[in-house]
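Topology and contacts: notes
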Amino acid sequence: PRPRRARAPPPTHEYVRHLVFRVLDEKTLPQVNRQLRKLPWATHERYVVRTLLKSHKNRYGASPWIAQLVAALAKGKPSFGVRMIDSLLEEIRVGLETNAPWMHQRRLAAARLLGEMYKAKVVNTTTIFSQLYLLISFGHSAAFQDSASDPLDPAGDTIRVRLVCQLLETCGKAFGASGPPKKTLDRFFAFFQRYALAKDLSLEVAHDVRETLLEFRPKLEPHADYQSASAECTRWEEEEARKAKAARGGGGGGEHVRPLAPEVVPVLEEPVAVVLVEDVPVLPRVALVLLNPELRGALLASVERHRRRVRDGRRGHRARSAA
């Protein structure tokens, strides 16, 4: 039988690849932006997204240019920005689900691109932290005792630690003026250290973790063992529980907030339909607010105001019906 001949890609696809992989750089960014906008966008948007996501096949320094190109294209084509973000987050999650060694370079490139998109203001701080917590929590139980028996994340596998370091390193100084509050980052560092200390880290990866922590917190003394890191995580959880109780007015009225595992809350794609907050079902994307104690109190207050409006509306309806 004749060997099957590979089908030649359409000329427009070849042109998109030429622009992204060969032409795109700091000086030609406006030109590439203009040329891509001239394409029939309805039929080529998906292919442009797929090509830009292949940052692991591009030059190492191309990630900042790709992120700036995404930001420029998204200004005039919002659907493209949404599709690009969703596809990149899906790429990161697929890497967690498969954990194939041949994907490591691709996953590191995706983390680097996400960090560059944060610097280009394509994604916000909430998205970054949702991915950071996803990296250290996916596949683990809420108790998180040990990862040695987890097939998706065995103790000797340090790729997730490298991904967290890569993402934080790329965000870098962008976490300064417009970044997260100090306590939000400190909280993540506590849980990240607990996760890293549960691993069998090589000297190189352990050095990367220490350098990443000291880059953001030069005076921080990293934990020496898993037990001390776990104790700090417990203190964070207890403090958040006390503040949540205070926000409910001391827990009066029989109200109850179902405790949420800090490793599970930020995982937006978990197969959970809703999360109960004071018996009110909310989407996990809303429950992400509960990571911040101040926002948690504001959310609970908003829920109570909504309840009052619903009760007042029902009373008014009954009064009008009786009249």
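Remember, predicted model here, so these are calculated numbers, not experimental data.

**Considering the overall build of the protein**
The helix and strand inventory of the protein stands at 13 helices and two strands. Looking at the protein residue by residue over its 323 residues, the buried ones come to 46%. Pairs at least 24 residues apart make up 73% of the contacts formed inside the protein by residues separated by at least 6 positions. Total accessible area computed for the protein in this model is approximately 17,800 Å², and 54% of it derives from carbon and sulfur atoms.

**Comments concerning the confidence of the model for the protein**
Per-chain confidence: the protein averages 80 in pLDDT, with 75% of residues scoring 70 or above. When the elements of the protein are averaged for pLDDT, strand β1 (residues 275-277) gives the smallest value, 45, and helix α2 (residues 29-37) the largest, 95. Between residues 251-288, whose pLDDT stays under 50, and residues either more than four places distant or in other chains, the model counts 70 contacts.

**Brief notes about the packing of aromatic side chains**
Scanning the entire structure with this criterion turns up seven aromatic pairs. Here the aromatic rings of Phe129 and Phe188 are separated by 6.2 Å at their centres, their planes lie at 90°, and the arrangement is edge-to-face. Taken together, the positions of Phe129 in helix α7 (residues 125-137) and Phe188 in helix α9 (residues 182-197) put the pair 59 residues apart, joining distant regions of the chain. In this pair, the class of Phe129 matches that of Phe188, namely buried. Taken together, Phe129, Tyr133, Phe188, Phe189, Phe191, Phe192 and Phe216 form an aromatic cluster joined through their ring pairs.

**Some points on unusual backbone geometry**
At Asn99, a residue that is not glycine, the phi angle is positive and equals roughly 50°. The residue Asn99 is located in the loop between α5 (78-98) and α6 (104-119) in this model. Note on Asn99: relative accessible area 13%, which makes it buried. A positive phi angle is found at Lys121, which is not glycine, with a value near 65°. With respect to the secondary-structure elements, Lys121 resides in the loop between α6 and α7. In this structure Lys121 comes out as exposed when scored by relative accessible area, which is 75%.

**Thoughts on helix α1 (residues 11-23)**
Residues that lie three or four places apart on an α-helix share one face, since the helix turns once every 3.6 residues. His13, Val16, Leu19, Val20, Phe21 and Val23 are the residues of α1 that are buried. At its buried positions, α1 is contacted by α2 and α3 (41-53).

About the cut-offs
Residues numbered from 1 in each chain as written. Predicted model: local features only at pLDDT ≥ 70, side-chain atom pairs only at ≥ 80, totals over all residues. Heavy atoms only, no water. Helix = DSSP H or I, 4+ residues; strand = E, 2+ residues; numbered from the N terminus. Buried < 20%, exposed > 50% of the residue type's maximum accessible area, 1.4 Å probe, protein only. Contact = heavy atoms within 4.5 Å. Areas by Shrake-Rupley, 256 points an atom, 1.4 Å probe, with all protein chains shown as cover. pLDDT = per-residue confidence, 0-100. Phe/Tyr/Trp six-rings, centres within 6.5 Å; stacked < 30°, edge-to-face > 60°.

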